[in-house]
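# Fold and contact review
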Amino acid sequence: MLGDPGAVRVTGDRTAAIHRAAEDLVDRPWDDERPVREAYTWSNLTSGNGARALWLLLLPFMIVNMAHWMRPAAPGHGRSHRWYDVLIRLTALSLTVLLVAGACVVTMDLLAWQCFAAPLCAERSTWFRFLAESGGWWSHPGRRLALTSVLPVLLVGLLWWLSRRTWSAYESAYPPVRLRADGGGDAQLGLPGFWYGRGVVGRLRAAHTAAGLLTIVTVLLSGSLVRDLSPGGTRPLLVAGLVMAAAGAVLAAVVIRIVLRAGRTEIDRDVRPLPRYVTALPVACLVLLVLCLAHSMPVRTGFESSGAHPASWGFPILTAVQLVLSVGLAAVAVRLHHAAPRTDRGVLGGLGGPAAALLGCALGGVLTGGVAARFAGWLDPHSTLGGPGVLAGPPVLHSWQAATLPTLLCVVAVLALVVTVRTRLEGRRLTDGILGHYPDEHSRPHEVRTTHLASAVARARITDRAPGMFGTVVVSSLLLGAGAALGAGLTGATPALAVEEWPGPVAGFAALSQAVGSWTMGIGVVVLVAMGRRAYRDPAARRTVGILWDVGTFWPRAAHPFAPPCYAERAVPDLSWRMGTWVDLTGGRIVISGHSQGSVLAAAAVWQLDAPTRSRVALLTHGSPLHRLYGRWFPRYFGPTALRSLRDDLRCWRNLWRETDPIGGPVRVTGDDPPVDRGALLDPRHYGRNLLSPLPAPLLGHGDYADDPAYRRERARLHALLLGGPGAPGTDPGSASGTGPGETPGVPPSRRAAVDGDATVVPEPPGGREGGNR
């Protein structure tokens, strides 16, 4: 980005730092063509070490956390917003329970309860054969369950450790260098405590850790109580089990209470210490788990494991709860959507957040079901998911979910076909106007070239159709998921067995869908693991994974504490501190340039600045998704009203975009002179061969904005506006705030800052414009 392989780190650490080119270590006067620059890099926050590849397994958590921020932009309506928060947090809690329950299915149900009760299966598992030895100490079902509960407990511990470790590294950044006098203004991202979420993450982490442990407790107790409640059960063990079940219910009520009350405090940094009962809750659940392990150890006469584990009934109930929460969330979102100004209404009629939450739940179900399917296939190669074999297999609900996948994939295929046809038709329609974009060229029309350029514009517009496609997939998933939960609850059998007496075509379709869906779920998990393994070993692949997190982990962990950490809680304070302290030190001026996701970081950092500092800052965005993606999907935080407030806060802002860019676009802040949006840049810059471009000019799309001459012109123009030069409306923005610390009156330094993709370029102050600030 700096064009210098010998770039020097001037501040920061190995995780995120600011660099300068070696030749720019000494300040010099501003140069419109080559100003002194700095580069702020944050790529290690999203794709640093190989362990980040494991974050792929947290994808459902990330999606449901993102749904928290996709709420409609309704002013006021505090009660509805609180209901939205509560329903999202409960949905996130259900995902944690689902993940831990999936781990329990693999080890405690399939392995301990089913496999070691079937001699044919136990003989194949040579590593665990000692658990199946007749008359052996570990052959008792309760002891097998206790031993195999180690893996789910380790999983909960790992999630707790990751959340706590990243909690200290990300959510503990310093507040802005100088707080805004207006408390954030009209923008939510300008609130002083927006990028400091340690409090809510700490409370939710305790609740989710406790919920995971209580899930394991439920599996242990349900296995033992089946025998204790039956005739011939041991009364003392029954009483102890019922007491522990009651204690678990009380602790579960405490978990729900914490989740219901764990709201964010954004007016100021949330530095409140965690209540003692919150910090003690995971410990209490761990103690209860140890007591349940001891309760499982005594030998119960006549206690044998057969069929599926008794706790498998919980999966249909959990799915039904998630569906009810999604419907309730949708009702609240529609209410907020209708209360929002028409200009700030987001995609899907305000249902973007509920749709994302439902997608996270569906993805969680597919991942847990896929892992269970492949593990069951490994234990019993002759069985399919829920089909005939030595084992009863995973919970019946997984079979129904698997059977819905082929239908869902057909819906996706039809959507892809429709989009392809529409894109081709639109490309043909656009061919007639391509040559008109180059009035100064006298090139002869070239059919292949024209078609190529028109198709690029048409493909870039697919992004604008994404909400409709996403909505169709989510509605299909909702209907299929509801049908799967209903079918599993009513029949208690797999789809193939439930309709085996139906007409031949129906029974055949059910069996085929179940088998294909089972393999699809398993293949999906294998692909995900392979991607994670490759990313762990290959830095280039790890950066590809990091691009996904650039978008998904921009938002703080407000709903799910086990989601991948929010890098913006480190990056935004870094940028605001750098700009604020530099202005305080020099009294200079800054042009911060942001590309793609970097433009979102740049806008968030500017929102955090106080008025005197903002008066010395200009913003140049290019390839920016501020309106096209963020404004439509996150209208409360990046909608037209929020972007309008950014324009009111920041007098000097210019946005560059191309029609061939599938990500960036205009920010659509209108009514200003000069306007924020520049007309679409030509892409390619030349249609045919000429003196300036003897070879065909490349199609740039989303990249290389800084190489366009228009970029350098707009950068110089913004610098002139900051100085109150030609074309700048009003007076010098610095005159209202006087002379800052370290400033030489009449000789203000300036610098340029750029944010490019996963790095922010923030150039250091040049020594001042010759002739001073006139």
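Everything here concerns the structure above.
The structure contained in this document is the topic of the report that follows.

## Remarks on the overall build of the protein chain
Check the secondary structure of the protein chain and you find 24 helices and eight strands. Burial status across the protein chain gives 55% buried among its 774 residues. Within the protein chain, residue pairs in contact and separated by at least 24 positions form 78% of the contacts whose partners lie at least 6 positions apart. On the protein chain, roughly 32500 Å² of surface is accessible, and the fraction owed to carbon and sulfur atoms is 64%.

## What about the pattern of salt bridges?
Applying the stated criterion across every chain, the model contains 18 salt bridges. The salt bridge involving Asp24 is made with Arg34; its shortest N-O contact spans 3.9 Å. Highlighted residues: Asp24 in the loop between strand 2 (17-20) and strand 3 (37-41) and Arg34 in the loop between strand 2 and strand 3, separated in sequence by ten residues. Judged by its relative accessible area of 42%, Arg34 is partly exposed. Glu426 serves as the salt-bridge partner of Arg461, at 2.9 Å between the closest nitrogen and oxygen. Placement of the pair is Arg461 in the loop between helix 13 (447-460) and helix 14 (462-491) and Glu426 in helix 12 (residues 396-434), with a sequence separation of 35 residues.

## As for the pairing of strand 4 (residues 589-595)
Along strand 4, seven of the seven residues are buried, which leaves the element largely enclosed by surrounding structure. Of the two faces of strand 4, the one lined by Arg589, Val591, Ser593 and His595 and the one lined by Ile590, Ile592 and Gly594 are each fully buried. The pairing of strand 4 with strand 5 (residues 617-622) spans six bridges and is classified as parallel. Following the sheet pairing, Ser593 is matched in strand 5 by Leu620.

## Description of unusual backbone geometry
Geometrically, the link from Asp683 to Pro684 is a cis peptide bond, its omega value of -5° lying close to zero. Locating Pro684 in the fold gives a position in the loop between strand 6 (653-656) and helix 24 (709-722). In this structure, Ser596 is a non-glycine residue whose phi angle is positive, near 55°. Tracing the sequence through the fold places Ser596 in the loop between strand 4 and helix 19 (597-607).

## Observations regarding the environment of Gln322
Along the polypeptide, Gln322 turns up in helix 10 (residues 314-339). Counting along the chain gives 39 residues from Gln322 to Cys361, while the straight-line C-alpha distance between them is 7.3 Å. If we skip the residues at most four places from it in the chain, Gln322 touches Ser94, Leu95, Leu98 and Cys361.

## Section: the packing of aromatic side chains
Applying the stated criterion to the full structure yields 21 aromatic pairs. Here the aromatic residues Trp42, Trp69, Phe194, Trp195, Phe554, Trp555, Tyr567, Trp607, Tyr630, Phe634, Tyr637 and Phe638 are joined through ring pairs into a cluster of three or more. Its end group placed over the ring of Phe194, Arg264 keeps NZ or CZ at 5.3 Å from the ring centre. A cation over a ring is seen here: Arg658 above Tyr705, with NZ or CZ 3.9 Å from the ring centre.

## What about the side chain of Ser222?
Considering the arrangement of structural elements, one finds Ser222 in helix 7 (residues 198-228). On the basis of relative accessibility, which here comes to 13%, the residue Ser222 falls in the buried class. In this view, Ser222 contacts His309, Pro310 and Ala311; residues no more than four positions away in its chain are not counted.

## Structural notes on helix 8 (residues 235-261)
Relative to the 39 Å expected for 27 residues at 1.5 Å per residue, helix 8 spans 39 Å between its end C-alpha atoms, a close match to the ideal helical length. Those residues of helix 8 that fall on the buried side of the exposure criterion are Leu237, Leu238, Gly241, Met244, Gly248, Leu251, Val255, Ile258 and Val259. Residues of helix 8 that are buried in the fold lie against helix 3 (78-114), helix 7 and helix 9 (276-296).

## Regarding helix 11 (residues 352-379)
The terminal C-alpha atoms of helix 11 lie 41 Å apart, and with 28 residues this matches the ideal 40 Å at 1.5 Å per residue to within 8%. The element helix 11 is extensively covered by neighbouring structure, given that 20 of its 28 residues are classed as buried.

## Some points on the packing of helix 3 against helix 8
Here helix 3 crosses helix 8 at 135°, and the two axes come no closer than 8 Å. It follows that helix 3 is oblique to helix 8 by the angle criterion. Read as a crossing pair, helix 3 and helix 8 show a hand that is right-handed. Residues Val86, Arg89, Leu90 and Leu93 of helix 3 pack against Val255, Ile256, Val259, Leu260 and Arg261 of helix 8. When its residues are assigned to classes, the contact of helix 3 with helix 8 shows seven nonpolar, no polar and two charged.

## Looking at the pairing of strand 5
With respect to burial, strand 5 is a largely interior element, six of its six residues being buried. Neither face of strand 5 is open: one carries Val617, Leu619 and Thr621, the other Ala618, Leu620 and His622, and all of them are buried. As paired elements, strand 5 and strand 6 share four bridges and run parallel to each other. Looking at the pairing, His622 lines up with Leu656 of strand 6.

## Some words on the nonpolar core
With 147 residues, the main nonpolar core has Phe554, Trp555, Phe638 and Trp653 as its most contacted residues. Of all the elements, helix 3 adds the most residues to this core, at 19 residues. Excluding anything up to four places from it in sequence, Trp653 contacts Leu619, Thr621, Leu626, Leu643, Leu646, Arg647, Val667, Val669, Pro675, Val676 and Leu718. With 13 residues, the next largest nonpolar core counts Ala618, Leu656, Tyr711 and Leu718 among its residues.

## Topic: the side chain of Ser693
By the secondary structure assignment, Ser693 is in the loop between strand 6 and helix 24. Ser693 gets classed as buried once you look at its relative accessible area, which sits at 9%. Side-chain polar atoms of Ser693 contact the backbone oxygen of Leu695, separated by 2.7 Å. When near neighbours in sequence (up to four residues on either side) are disregarded, Ser693 contacts His686 and Gly688.

## Here we look at a nonpolar patch on the surface
A cluster of nonpolar residues, Val8, Val10, Leu25 and Val26, forms a patch on the protein surface that exposes about 310 Å² of accessible area. Structurally, the position occupied by Val8 is in strand 1 (residues 8-12).

## Some thoughts on the environment of Ser326
You can see Ser326 is positioned in helix 10. Judged by its relative accessible area of 8%, Ser326 is buried. In this structure, the C-alpha to C-alpha distance between Ser326 and Pro354, residues 28 residues apart in sequence, is 5.9 Å. Beyond its immediate stretch of four places on either side in the chain, Ser326 contacts Pro354 and Leu358.

## Observations concerning the packing of helix 3 against helix 7
Two packed helices can be described by the angle between their axes and the distance between those axes. In contact at an axis separation of 9 Å, helix 3 and helix 7 are set at 35° when each is read in the N-to-C sense. Once helix 3 is placed against helix 7, the crossing between them reads as right-handed. Contact residues: helix 3 offers Arg89, Ala92, Leu93, Thr96, Val97, Val100, Ala101, Cys104, Met108 and Trp113, while helix 7 offers Leu204, Ala207, His208, Ala211, Gly212, Thr215, Ile216, Val219, Leu220 and Gly223.

Conventions used here
Residues numbered from 1 in each chain as written. Predicted model: local features only at pLDDT ≥ 70, side-chain atom pairs only at ≥ 80, totals over all residues. Heavy atoms only, no water. Helix = DSSP H or I, 4+ residues; strand = E, 2+ residues; numbered from the N terminus. Buried < 20%, exposed > 50% of the residue type's maximum accessible area, 1.4 Å probe, protein only. Contact = heavy atoms within 4.5 Å. Areas by Shrake-Rupley, 256 points an atom, 1.4 Å probe, with all protein chains shown as cover. Salt bridge = Lys/Arg side-chain N within 4 Å of Asp/Glu carboxyl O. Pairing = 2+ DSSP bridges. Phe/Tyr/Trp six-rings, centres within 6.5 Å; stacked < 30°, edge-to-face > 60°. Lys NZ or Arg CZ within 6 Å of the ring centre and 35° of its normal. Expected span 1.5 Å × (residues − 1). Axes fitted to C-alpha atoms, helices over the stretch in contact; angles between N-to-C directions. Parallel < 35°, antiparallel > 145°, perpendicular 65-115°, else oblique. Left-handed = near helix turned anticlockwise from the far one by under 90°. Nonpolar A, V, L, I, M, F, W, Y, C, P; charged D, E, K, R; others polar. Core = buried A, V, L, I, M, F, W, Y, C linked by side-chain atoms within 4.5 Å. Polar contact = N/O pair within 3.5 Å; in protein donor to acceptor, adjacent residues only side chain to side chain. Patch = residues over 30% accessible without salt bridge, like charges linked within 9 Å, V, L, I, M, F, W, Y side chains within 5 Å.

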